Amino acid sequence: MAKLSVRPTQTVASSLPPGRGAGRGPTMTMPVAGAPKKRRPISFGSPVNAKGQAVFTRQLATLVKAGMPIMRSLEVLARQEKSPAFRSVIEECAETIRSGGNFSDGLATSPKSFDRLYVNMVKAGEAGGVLDTVLERLAVFTEKAVKIKAKIVAAMVYPAIISCVAGGIMGILMVWVVPKFQEVFFTMLKGKPLPWLTSVVVAVADALRQNIIGVLGGAAAVSFCFWLFKRSVFGTKVLHWMLLHIPVLGDLFLRAAVARFTRTFGTLLASGVPILQALIITRDTSGNVHIANAINIVHDRVKEGDTVAKPLESTRVFPGMVTSMIEVGEETGALPDMLVRIADNYDEEVDNAVGALTSIIEPVMIVLMAVGVGVIVIAMFLPMVELIKSLSA
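Rules behind the numbers
Residues numbered from 1 in each chain as written. Predicted model: local features only at pLDDT ≥ 70, side-chain atom pairs only at ≥ 80, totals over all residues. Heavy atoms only, no water. Axes fitted to C-alpha atoms, helices over the stretch in contact; angles between N-to-C directions. Helix = DSSP H or I, 4+ residues; strand = E, 2+ residues; numbered from the N terminus. Left-handed = near helix turned anticlockwise from the far one by under 90°. Contact = heavy atoms within 4.5 Å. Nonpolar A, V, L, I, M, F, W, Y, C, P; charged D, E, K, R; others polar. Expected span 1.5 Å × (residues − 1). Buried < 20%, exposed > 50% of the residue type's maximum accessible area, 1.4 Å probe, protein only. Arc of directions from axis to C-beta. 1 Å grid on protein atoms, 1.4 Å probe; cavity = no way out; pocket = protein on both sides within 12 Å on 5 of 7 lines; lining within 4 Å. Points joined across faces, edges and corners; volume = space filled by probe spheres on them. Salt bridge = Lys/Arg side-chain N within 4 Å of Asp/Glu carboxyl O.

Caption draft 1: View of the packing of helix α10 (residues 249-270) against helix α11 (residues 275-284). Between α10 and α11, whose axes approach to 9 Å, the crossing angle comes to 145 degrees. Handedness of the α10/α11 crossing: right-handed. Listed contacts from α11 to F261, T264, F265, L268 and L269 of α10 are I275, A278, L279, I281 and T282. Split into classes, the residues belonging to the contact of α10 with α11 amount to eight nonpolar, two polar and no charged.

In C-alpha coordinates:
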(Lines give C-alpha, C1' and ligand atoms only; values in the text may rest on other atoms or scores of the structure.)
Protein backbone atom coordinates (compact mmCIF):
# COMPACT_ATOMS: atom_id res chain seq x y z
CA MET A 1 0.00 0.00 0.00
CA ALA A 2 1.45 3.39 -1.05
CA LYS A 3 2.23 5.86 1.67
CA LEU A 4 0.37 9.13 1.74
CA SER A 5 2.61 12.20 1.64
CA VAL A 6 1.43 15.18 3.65
CA ARG A 7 2.41 18.57 2.27
CA PRO A 8 2.33 21.89 4.17
CA THR A 9 -0.49 23.21 2.02
CA GLN A 10 -3.30 21.80 -0.02
CA THR A 11 -4.62 23.49 -3.18
CA VAL A 12 -8.33 23.44 -3.94
CA ALA A 13 -9.73 24.42 -7.33
CA SER A 14 -12.27 27.21 -7.54
CA SER A 15 -14.77 27.82 -10.30
CA LEU A 16 -15.08 31.56 -9.69
CA PRO A 17 -13.92 33.75 -12.57
CA PRO A 18 -10.69 35.69 -11.94
CA GLY A 19 -11.02 39.00 -10.19
CA ARG A 20 -14.69 38.49 -9.26
CA GLY A 21 -16.87 37.21 -6.48
CA ALA A 22 -15.56 37.11 -2.95
CA GLY A 23 -12.07 38.17 -3.93
CA ARG A 24 -10.58 34.65 -4.23
CA GLY A 25 -8.54 33.51 -7.17
CA PRO A 26 -8.93 30.19 -9.02
CA THR A 27 -6.99 28.40 -6.31
CA MET A 28 -7.40 28.45 -2.57
CA THR A 29 -4.69 27.05 -0.30
CA MET A 30 -5.45 25.80 3.18
CA PRO A 31 -2.68 26.65 5.67
CA VAL A 32 -1.19 24.23 8.15
CA ALA A 33 -2.49 24.63 11.69
CA GLY A 34 0.00 26.32 13.92
CA ALA A 35 2.07 27.72 11.06
CA PRO A 36 4.21 30.62 12.27
CA LYS A 37 2.93 34.02 11.20
CA LYS A 38 5.39 36.42 9.63
CA ARG A 39 6.18 39.44 11.75
CA ARG A 40 5.48 42.72 9.97
CA PRO A 41 8.55 45.00 9.72
CA ILE A 42 8.51 47.96 12.08
CA SER A 43 7.46 51.17 10.32
CA PHE A 44 6.59 54.63 11.56
CA GLY A 45 3.36 56.02 10.12
CA SER A 46 1.77 54.47 7.06
CA PRO A 47 3.75 51.72 5.28
CA VAL A 48 2.87 53.37 1.95
CA ASN A 49 2.18 56.94 0.88
CA ALA A 50 -0.65 58.10 -1.36
CA LYS A 51 1.44 57.86 -4.53
CA GLY A 52 2.57 54.33 -3.70
CA GLN A 53 -1.03 53.30 -3.01
CA ALA A 54 -2.12 54.75 -6.36
CA VAL A 55 0.61 52.82 -8.20
CA PHE A 56 -0.30 49.59 -6.36
CA THR A 57 -4.00 50.02 -7.12
CA ARG A 58 -3.37 50.71 -10.81
CA GLN A 59 -1.09 47.69 -11.16
CA LEU A 60 -3.53 45.44 -9.29
CA ALA A 61 -6.46 46.66 -11.40
CA THR A 62 -4.48 46.01 -14.59
CA LEU A 63 -3.53 42.47 -13.55
CA VAL A 64 -7.05 41.55 -12.41
CA LYS A 65 -8.58 43.12 -15.53
CA ALA A 66 -6.23 40.98 -17.64
CA GLY A 67 -7.66 37.83 -16.03
CA MET A 68 -5.02 37.06 -13.41
CA PRO A 69 -6.45 35.73 -10.11
CA ILE A 70 -6.41 38.23 -7.25
CA MET A 71 -4.14 36.11 -5.03
CA ARG A 72 -1.65 35.54 -7.83
CA SER A 73 -1.72 39.29 -8.62
CA LEU A 74 -0.91 40.14 -5.01
CA GLU A 75 1.98 37.68 -4.98
CA VAL A 76 3.42 39.28 -8.14
CA LEU A 77 3.08 42.78 -6.70
CA ALA A 78 4.60 41.70 -3.37
CA ARG A 79 7.72 40.36 -5.10
CA GLN A 80 8.35 43.63 -6.94
CA GLU A 81 7.54 45.94 -3.98
CA LYS A 82 10.67 47.69 -2.69
CA SER A 83 9.29 48.79 0.69
CA PRO A 84 9.60 45.92 3.19
CA ALA A 85 6.70 47.23 5.31
CA PHE A 86 4.26 47.52 2.40
CA ARG A 87 5.49 44.21 0.94
CA SER A 88 4.54 42.59 4.23
CA VAL A 89 1.07 44.19 4.03
CA ILE A 90 0.53 42.80 0.50
CA GLU A 91 1.74 39.36 1.58
CA GLU A 92 -0.69 39.39 4.52
CA CYS A 93 -3.55 40.19 2.13
CA ALA A 94 -2.53 37.26 -0.07
CA GLU A 95 -2.28 35.02 3.00
CA THR A 96 -5.79 36.02 4.08
CA ILE A 97 -7.17 34.98 0.69
CA ARG A 98 -5.12 31.77 0.82
CA SER A 99 -6.66 31.02 4.20
CA GLY A 100 -10.19 31.28 2.79
CA GLY A 101 -10.92 34.94 3.53
CA ASN A 102 -11.80 37.81 1.24
CA PHE A 103 -9.51 40.44 -0.19
CA SER A 104 -11.36 43.12 1.81
CA ASP A 105 -10.66 41.17 5.02
CA GLY A 106 -6.95 41.34 4.29
CA LEU A 107 -7.16 45.07 3.56
CA ALA A 108 -9.04 45.69 6.81
CA THR A 109 -6.08 44.33 8.82
CA SER A 110 -3.94 47.27 7.60
CA PRO A 111 -5.94 50.45 8.33
CA LYS A 112 -2.80 52.60 8.04
CA SER A 113 -2.35 51.52 4.42
CA PHE A 114 -5.98 51.20 3.30
CA ASP A 115 -8.69 53.44 4.76
CA ARG A 116 -12.40 52.69 5.16
CA LEU A 117 -13.16 54.07 1.71
CA TYR A 118 -10.78 51.62 0.07
CA VAL A 119 -11.92 48.62 2.12
CA ASN A 120 -15.65 49.27 1.66
CA MET A 121 -15.34 49.75 -2.08
CA VAL A 122 -13.50 46.44 -2.41
CA LYS A 123 -16.09 44.78 -0.19
CA ALA A 124 -18.89 46.12 -2.39
CA GLY A 125 -17.07 44.87 -5.49
CA GLU A 126 -16.71 41.41 -3.99
CA ALA A 127 -20.37 41.29 -3.00
CA GLY A 128 -21.49 42.35 -6.48
CA GLY A 129 -19.01 40.19 -8.35
CA VAL A 130 -17.42 43.23 -10.02
CA LEU A 131 -14.11 43.44 -8.19
CA ASP A 132 -12.20 44.16 -11.40
CA THR A 133 -14.45 47.16 -12.18
CA VAL A 134 -14.20 48.48 -8.61
CA LEU A 135 -10.40 48.21 -8.66
CA GLU A 136 -10.39 50.19 -11.89
CA ARG A 137 -12.53 52.91 -10.25
CA LEU A 138 -10.27 52.89 -7.20
CA ALA A 139 -7.21 53.30 -9.42
CA VAL A 140 -8.74 56.33 -11.14
CA PHE A 141 -9.84 57.75 -7.78
CA THR A 142 -6.43 57.41 -6.09
CA GLU A 143 -4.57 58.76 -9.13
CA LYS A 144 -6.74 61.87 -9.34
CA ALA A 145 -6.45 62.45 -5.58
CA VAL A 146 -2.65 62.22 -5.77
CA LYS A 147 -2.57 64.54 -8.80
CA ILE A 148 -4.65 67.26 -7.12
CA LYS A 149 -2.71 67.02 -3.86
CA ALA A 150 0.61 67.21 -5.72
CA LYS A 151 -0.47 70.35 -7.57
CA ILE A 152 -1.60 72.09 -4.39
CA VAL A 153 1.61 71.13 -2.59
CA ALA A 154 3.68 72.29 -5.57
CA ALA A 155 1.92 75.66 -5.46
CA MET A 156 2.85 76.01 -1.78
CA VAL A 157 6.46 74.82 -2.10
CA TYR A 158 7.73 77.84 -4.06
CA PRO A 159 6.43 80.45 -1.57
CA ALA A 160 7.82 78.37 1.29
CA ILE A 161 11.27 78.23 -0.32
CA ILE A 162 11.26 81.96 -1.08
CA SER A 163 10.18 82.71 2.51
CA CYS A 164 12.98 80.56 3.96
CA VAL A 165 15.59 82.13 1.68
CA ALA A 166 14.36 85.65 2.47
CA GLY A 167 14.28 84.93 6.20
CA GLY A 168 17.81 83.50 6.09
CA ILE A 169 19.20 86.48 4.16
CA MET A 170 17.54 89.01 6.46
CA GLY A 171 18.69 87.07 9.53
CA ILE A 172 22.31 87.11 8.33
CA LEU A 173 22.10 90.82 7.57
CA MET A 174 20.57 91.68 10.94
CA VAL A 175 22.83 89.48 13.09
CA TRP A 176 26.25 89.83 11.36
CA VAL A 177 26.23 92.65 8.79
CA VAL A 178 24.33 95.44 10.58
CA PRO A 179 26.50 95.30 13.76
CA LYS A 180 29.62 95.82 11.62
CA PHE A 181 28.08 98.91 10.03
CA GLN A 182 26.98 100.08 13.47
CA GLU A 183 30.58 100.11 14.71
CA VAL A 184 31.65 102.07 11.64
CA PHE A 185 28.85 104.63 12.12
CA PHE A 186 29.67 105.31 15.76
CA THR A 187 33.33 105.75 14.87
CA MET A 188 32.84 108.07 11.90
CA LEU A 189 29.82 110.09 13.03
CA LYS A 190 31.33 110.67 16.53
CA GLY A 191 28.09 110.57 18.49
CA LYS A 192 25.82 112.26 15.96
CA PRO A 193 22.27 110.83 15.85
CA LEU A 194 21.54 108.23 13.21
CA PRO A 195 18.64 108.60 10.71
CA TRP A 196 15.38 107.22 12.11
CA LEU A 197 15.26 104.27 9.68
CA THR A 198 18.83 103.31 10.55
CA SER A 199 18.07 103.61 14.26
CA VAL A 200 15.11 101.25 13.94
CA VAL A 201 17.10 98.66 12.00
CA VAL A 202 20.02 98.88 14.43
CA ALA A 203 17.68 98.50 17.43
CA VAL A 204 16.06 95.42 15.91
CA ALA A 205 19.47 93.96 15.08
CA ASP A 206 20.68 94.53 18.66
CA ALA A 207 17.55 92.90 20.08
CA LEU A 208 18.00 89.84 17.85
CA ARG A 209 21.72 89.52 18.53
CA GLN A 210 21.48 89.93 22.29
CA ASN A 211 18.37 87.76 22.74
CA ILE A 212 18.87 85.12 20.06
CA ILE A 213 18.15 82.27 22.50
CA GLY A 214 15.00 83.99 23.73
CA VAL A 215 13.84 84.61 20.16
CA LEU A 216 14.40 80.97 19.18
CA GLY A 217 12.74 79.78 22.39
CA GLY A 218 9.78 82.08 21.79
CA ALA A 219 9.42 80.78 18.23
CA ALA A 220 9.52 77.20 19.52
CA ALA A 221 6.93 78.01 22.20
CA VAL A 222 4.62 79.65 19.65
CA SER A 223 4.97 76.65 17.34
CA PHE A 224 4.17 74.25 20.20
CA CYS A 225 1.14 76.28 21.28
CA PHE A 226 -0.08 76.38 17.69
CA TRP A 227 0.35 72.58 17.48
CA LEU A 228 -1.72 72.12 20.65
CA PHE A 229 -4.35 74.55 19.37
CA LYS A 230 -4.51 72.69 16.06
CA ARG A 231 -5.07 69.37 17.81
CA SER A 232 -7.90 70.69 19.99
CA VAL A 233 -11.54 70.45 18.84
CA PHE A 234 -12.05 74.20 18.92
CA GLY A 235 -8.75 74.87 17.16
CA THR A 236 -9.56 72.37 14.43
CA LYS A 237 -12.90 74.06 13.79
CA VAL A 238 -11.30 77.51 13.64
CA LEU A 239 -8.48 76.47 11.31
CA HIS A 240 -10.79 74.51 9.00
CA TRP A 241 -13.16 77.48 8.84
CA MET A 242 -10.24 79.76 7.97
CA LEU A 243 -9.14 77.39 5.21
CA LEU A 244 -12.55 77.69 3.56
CA HIS A 245 -12.93 81.47 4.04
CA ILE A 246 -9.44 82.93 3.79
CA PRO A 247 -9.18 85.37 0.85
CA VAL A 248 -7.95 83.89 -2.45
CA LEU A 249 -6.86 80.55 -0.94
CA GLY A 250 -10.27 79.82 0.63
CA ASP A 251 -11.93 79.43 -2.75
CA LEU A 252 -9.18 77.04 -3.83
CA PHE A 253 -9.55 74.86 -0.73
CA LEU A 254 -13.35 74.85 -1.08
CA ARG A 255 -13.13 73.66 -4.68
CA ALA A 256 -10.71 70.93 -3.69
CA ALA A 257 -13.03 69.85 -0.83
CA VAL A 258 -16.06 69.77 -3.16
CA ALA A 259 -14.12 67.72 -5.71
CA ARG A 260 -13.04 65.27 -3.01
CA PHE A 261 -16.59 64.94 -1.63
CA THR A 262 -18.30 64.41 -4.99
CA ARG A 263 -15.67 62.00 -6.32
CA THR A 264 -15.65 59.92 -3.14
CA PHE A 265 -19.44 59.84 -2.86
CA GLY A 266 -19.95 59.14 -6.56
CA THR A 267 -17.31 56.40 -6.67
CA LEU A 268 -18.84 54.66 -3.65
CA LEU A 269 -22.36 54.78 -5.11
CA ALA A 270 -21.15 53.55 -8.50
CA SER A 271 -19.40 50.65 -6.77
CA GLY A 272 -22.62 49.49 -5.12
CA VAL A 273 -22.12 50.85 -1.59
CA PRO A 274 -25.49 51.78 0.04
CA ILE A 275 -26.11 55.53 0.13
CA LEU A 276 -26.18 55.86 3.94
CA GLN A 277 -22.94 53.93 4.31
CA ALA A 278 -21.43 55.92 1.44
CA LEU A 279 -22.30 59.18 3.23
CA ILE A 280 -20.68 57.97 6.45
CA ILE A 281 -17.48 56.96 4.65
CA THR A 282 -17.43 60.24 2.73
CA ARG A 283 -17.92 62.16 5.97
CA ASP A 284 -15.03 60.35 7.67
CA THR A 285 -12.68 60.97 4.73
CA SER A 286 -13.68 64.57 3.99
CA GLY A 287 -10.67 66.13 5.73
CA ASN A 288 -12.59 69.19 6.96
CA VAL A 289 -14.77 69.45 10.08
CA HIS A 290 -17.35 71.78 8.52
CA ILE A 291 -17.66 69.64 5.37
CA ALA A 292 -18.06 66.57 7.62
CA ASN A 293 -20.80 68.27 9.68
CA ALA A 294 -22.68 69.19 6.50
CA ILE A 295 -22.45 65.60 5.24
CA ASN A 296 -23.65 64.37 8.64
CA ILE A 297 -26.77 66.57 8.33
CA VAL A 298 -27.38 65.13 4.86
CA HIS A 299 -27.01 61.60 6.25
CA ASP A 300 -29.60 62.19 8.97
CA ARG A 301 -32.08 63.74 6.51
CA VAL A 302 -31.60 60.98 3.94
CA LYS A 303 -32.13 58.43 6.69
CA GLU A 304 -35.52 60.06 7.31
CA GLY A 305 -36.43 59.72 3.63
CA ASP A 306 -35.26 63.06 2.23
CA THR A 307 -33.16 63.59 -0.88
CA VAL A 308 -29.45 64.51 -0.92
CA ALA A 309 -29.70 67.89 -2.68
CA LYS A 310 -32.13 69.72 -0.37
CA PRO A 311 -30.35 69.16 2.98
CA LEU A 312 -27.01 69.73 1.24
CA GLU A 313 -28.23 73.11 0.05
CA SER A 314 -29.52 74.01 3.51
CA THR A 315 -26.03 73.63 5.01
CA ARG A 316 -24.80 76.63 2.96
CA VAL A 317 -21.37 75.03 2.67
CA PHE A 318 -21.48 73.79 -0.91
CA PRO A 319 -21.93 76.10 -3.93
CA GLY A 320 -25.39 76.35 -5.44
CA MET A 321 -24.27 74.84 -8.75
CA VAL A 322 -23.19 71.65 -6.97
CA THR A 323 -26.51 71.17 -5.20
CA SER A 324 -28.42 71.92 -8.41
CA MET A 325 -26.47 69.35 -10.40
CA ILE A 326 -26.94 66.77 -7.62
CA GLU A 327 -30.68 67.47 -7.69
CA VAL A 328 -30.74 66.87 -11.45
CA GLY A 329 -28.79 63.64 -10.95
CA GLU A 330 -31.32 62.42 -8.41
CA GLU A 331 -34.24 63.27 -10.67
CA THR A 332 -32.74 61.47 -13.67
CA GLY A 333 -31.51 58.47 -11.66
CA ALA A 334 -27.88 59.11 -12.64
CA LEU A 335 -26.53 60.49 -9.36
CA PRO A 336 -23.18 58.61 -9.39
CA ASP A 337 -22.35 59.80 -12.92
CA MET A 338 -23.40 63.35 -12.06
CA LEU A 339 -21.20 63.36 -8.94
CA VAL A 340 -18.18 62.16 -10.90
CA ARG A 341 -18.89 64.81 -13.54
CA ILE A 342 -18.98 67.51 -10.85
CA ALA A 343 -15.70 66.20 -9.46
CA ASP A 344 -14.04 66.34 -12.90
CA ASN A 345 -15.28 69.90 -13.36
CA TYR A 346 -13.97 71.05 -9.98
CA ASP A 347 -10.68 69.22 -10.43
CA GLU A 348 -10.15 71.22 -13.62
CA GLU A 349 -11.04 74.43 -11.77
CA VAL A 350 -8.53 73.56 -9.04
CA ASP A 351 -5.86 73.00 -11.71
CA ASN A 352 -6.57 76.40 -13.26
CA ALA A 353 -6.72 78.12 -9.86
CA VAL A 354 -3.41 76.59 -8.76
CA GLY A 355 -1.76 77.72 -11.99
CA ALA A 356 -3.11 81.25 -11.64
CA LEU A 357 -2.17 81.39 -7.95
CA THR A 358 1.38 80.26 -8.69
CA SER A 359 1.81 82.92 -11.36
CA ILE A 360 0.64 85.57 -8.87
CA ILE A 361 2.60 84.34 -5.85
CA GLU A 362 5.99 84.22 -7.58
CA PRO A 363 6.33 87.97 -8.36
CA VAL A 364 4.69 88.96 -5.05
CA MET A 365 7.18 86.91 -3.02
CA ILE A 366 10.12 88.27 -5.02
CA VAL A 367 8.91 91.85 -4.48
CA LEU A 368 8.45 91.28 -0.73
CA MET A 369 11.92 89.79 -0.41
CA ALA A 370 13.41 92.69 -2.38
CA VAL A 371 11.59 95.22 -0.17
CA GLY A 372 12.81 93.58 3.04
CA VAL A 373 16.44 93.42 1.93
CA GLY A 374 16.19 96.86 0.33
CA VAL A 375 15.01 98.48 3.56
CA ILE A 376 18.06 97.13 5.40
CA VAL A 377 20.44 98.23 2.65
CA ILE A 378 18.93 101.73 2.48
CA ALA A 379 19.09 102.02 6.26
CA MET A 380 22.82 101.23 6.15
CA PHE A 381 23.53 103.77 3.40
CA LEU A 382 21.61 106.72 4.90
CA PRO A 383 24.37 107.50 7.45
CA MET A 384 26.88 107.36 4.60
CA VAL A 385 24.91 110.02 2.77
CA GLU A 386 24.80 112.18 5.91
CA LEU A 387 28.54 111.74 6.37
CA ILE A 388 29.26 112.72 2.75
CA LYS A 389 27.08 115.84 3.11
CA SER A 390 28.88 116.89 6.29
CA LEU A 391 32.32 116.40 4.70
CA SER A 392 31.36 118.35 1.56
CA ALA A 393 30.01 121.19 3.71
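Following the structure, the description resumes.
Caption draft 2: Geometry of helix α1 (residues 50-65). In this model α1 runs 22 Å from its N-terminal to its C-terminal C-alpha over 16 residues, within 8% of the 22 Å that 1.5 Å per residue would give. Within the span of α1, buried status applies to Q53, A54, F56, T57, L60, A61 and V64. Down the axis of α1, the buried side of the element spans an arc of 165 degrees, and every buried residue falls inside it.

Caption draft 3: Structural view of the layout of surface pockets. Its volume calculated, the largest pocket comes out at about 1,100 Å³. When contributions to the lining of the largest pocket are tallied by element, the ones reaching two or more residues are α1, α5 (116-128), α6 (131-189), α9 (233-245) and α10. It is α6 that provides the largest number of residues to the lining of the largest pocket, a total of 11 residues. Across the lining of the largest pocket, the residue classes break down as 19 nonpolar, eight polar and six charged.

Caption draft 4: Layout of the pattern of salt bridges. Going through the model one piece at a time under the given rule, you end up with 12 salt bridges. Here E95 and R98 are joined by a salt bridge, their closest N and O atoms 2.5 Å apart. You can see E95 and its partner R98 sitting in helix α3 (residues 84-98), three residues apart, about one turn around the helix. As a salt-bridge pair, R301 and D306 come within 2.9 Å of each other at their nearest N and O atoms. Overlapping salt bridges, with partners in common, bring together R72, E75, E95 and R98 in one network.

Caption draft 5: View of the environment of M321. Inspection of the secondary structure puts M321 in helix α14 (residues 320-332). Taking relative accessible area as the criterion, M321 reaches 38% and is therefore assigned partly exposed. C-alpha of M321 to C-alpha of I342: the two residues are 21 residues apart in sequence and 9.3 Å apart in space. Among residues more than four places away in sequence, those in contact with M321 are N345 and Y346.

Caption draft 6: Focus on α3. Taking 1.5 Å per residue as the helical rise, α3 with its 15 residues ought to reach 21 Å, and the 21 Å between its terminal C-alpha atoms agrees with that figure. When α3 is considered as a whole, its buried residues turn out to be A85, F86, S88, V89, I90, E92, C93, A94, I97 and R98. Trailing α3 by a residue or two, G100 shows a phi angle of about 105 degrees, which is positive.

Caption draft 7: Representation of the side chain of T267 within the structure. In this structure, T267 sits in helix α10. Contact partners of T267, with chain neighbours within four places excluded, come to M121, R137 and F141.

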